[in-house]
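Overview (structure and organization)
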Amino acid sequence: MDLQQLRYVVEVADASSFTRAAERCFVTQSALSHQIAALERELGQRLFHRSSRSVRPTEVGEAFLTRARLAVSAADGAREDAAAAAGQVIGTLRLGVIPTVVAVDVPAVIARFRGAHPGVRVELTVGNSDDLIVAVRAGRLDVALLGLRADAPAPSGVEARVLARERLVAAVPRSHPLASRSRIRLADLEGEVFADFPAGTSGRAQADTAFETAGLARDVAFEADSAELLLGLVAAGLAVTLLAPGVVARSSADIVCVDVVDGPSRVEYAAWDAQAPRTVARAFLVVLDTVAAALA
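Remember, it's a predicted structure, so these values are computed and weren't measured experimentally.

This part covers the sheet that holds strand E5 (residues 143–149). Spatially, the five strands line up as an open sheet ordered E4-E3-E5-E13-E6, and their pairing is mixed. Edge positions in the sheet fall to strand E4 (120–126) and strand E6 (158–167), since each of these pairs with one other strand and no more. With direction set aside, neighbouring strand axes in the sheet form an average angle of 20°. Both strand E3 (residues 91–97) and E5 contribute to a ladder of three bridges, which runs parallel.

Now for the packing of aromatic side chains. One pass over the structure, following the stated rule, counts three aromatic pairs. Consider the rings of Phe18 and Phe48, whose centres lie 6.0 Å apart with planes at 70°: the pair is edge-to-face. Of this pair, Phe18 sits in helix H2 (residues 18–25) while Phe48 is found in strand E1 (residues 48–50), placing the two residues 30 residues apart along the sequence. Here the two residues Phe18 and Phe48 agree in accessibility, since each one is buried. Relative to Phe284, the ring of Phe113 has its centre 5.4 Å away and its plane inclined at 80°; by these criteria the two rings are edge-to-face. Of the two residues, Phe113 is situated in helix H5 (residues 106–116) and Phe284 in helix H10 (residues 279–295); the sequence distance between them amounts to 171 residues. Taken individually, Phe113 and Phe284 each receive the classification buried, so the pair is uniform in this respect. A cation over a ring is seen here: Arg218 above Phe194, with NZ or CZ 4.8 Å from the ring centre.

What follows deals with the environment of Leu178. If you trace the backbone, Leu178 turns up in the loop between strand E7 (169–173) and strand E8 (183–184). Residue Leu178 is classed as buried on the basis of its relative accessible area, which comes to 9%. With 78 residues separating them along the chain, Leu178 and Val256 place their C-alpha atoms 9.0 Å apart. Filtering out sequence-adjacent residues up to four positions away, Leu178 remains in contact with Ile184, Asp188, Leu189 and Val258.

The next subject is unusual backbone geometry. Despite not being glycine, Ser16 has its phi angle at roughly 55°, a positive value. For Ser16, a relative accessible area of 37% puts it in the partly exposed group. In this model, Phe26 sits at a positive phi of 60°, which is unusual for a non-glycine residue. Positionally, Phe26 belongs in the loop between H2 and helix H3 (29–43). Given a relative accessible area of 62%, Phe26 falls into the exposed group.

What helix H8 (residues 227–235) keeps buried is the set Ala227, Leu230, Leu231, Leu233 and Val234. For H8, the buried positions fall inside an angular range of 155° around the axis, keeping them on one side. Against the buried residues of H8 lie E7, strand E9 (193–196), strand E10 (219–223), strand E11 (241–243), helix H9 (245–249) and strand E12 (255–260). At the N-terminal end of H8, a side-chain oxygen is found 3.2 Å from the backbone nitrogen of Glu228, two or three residues along, and the residue is Ser226. Just downstream of H8, Gly237 is the residue with a positive phi angle, here 80°.

Reading the values: rules and limits
- Residues numbered from 1 in each chain as written.
- Predicted model: local features only at pLDDT ≥ 70, side-chain atom pairs only at ≥ 80, totals over all residues.
- Heavy atoms only, no water.
- Pairing = 2+ DSSP bridges.
- Helix = DSSP H or I, 4+ residues; strand = E, 2+ residues; numbered from the N terminus.
- Axes fitted to C-alpha atoms, helices over the stretch in contact; angles between N-to-C directions.
- Phe/Tyr/Trp six-rings, centres within 6.5 Å; stacked < 30°, edge-to-face > 60°.
- Buried < 20%, exposed > 50% of the residue type's maximum accessible area, 1.4 Å probe, protein only.
- Lys NZ or Arg CZ within 6 Å of the ring centre and 35° of its normal.
- Contact = heavy atoms within 4.5 Å.
- Arc of directions from axis to C-beta.
- Polar contact = N/O pair within 3.5 Å; in protein donor to acceptor, adjacent residues only side chain to side chain.

See below:
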């Protein structure tokens, strides 16, 4: 058993795919599969259930992964600490973002970070806030950029810093009767067909809570994880939606942004490991702070 085999096991488990894991490790799939098979023979146990559709850890694999993750993390940390002692930042930054970040220009921040620390590789994951928080707590992500409704508590189990606060606006088709209004109230949207994020997610809770608090009904006919798809449905005249103004501003000319005076607000956060943030995470937060301060 060696460290590289442990790394392969962790990557396969995280990617749920031998092919994607091999790509992440910059090896051929056959080489990665051979190493995991050799490890399974050494252990005398199967670590993964393999099928044509999916790859998932066995019960033995789940138990093995706990220690494997710790070993890989410890080895990476030792290498990064040695580099940090020599004044270098190296390794891989695992960054998670929601699809509606507007507090900062994410590509620009990554470019500035890579310019300052060219020895760091950045892996970007897009997801909803709930999943990203879980991933940070579990050590699968180093930093996450989140969006939560303004009256929700700050993310728990992680360190978090507020990046921005904003009131959501209504995105309506240009042909919609409300498109000529400069501002509206939530009651003006009652009876409209909505497109929104999936039920149960933090992105969806922002509007759901606002309508429930106001005692208003809402018809959400379309659900999607992508802000672009939500706005596409609006542009096609199929629905309206509530999003951060910066997100709507990037949409097509077929959509009009209307202020909602009693609409929901959200807070964007940066979140990271509360106990022992990695060197790459600390370096990224320095760059993020610099960019955010310049925009303030």
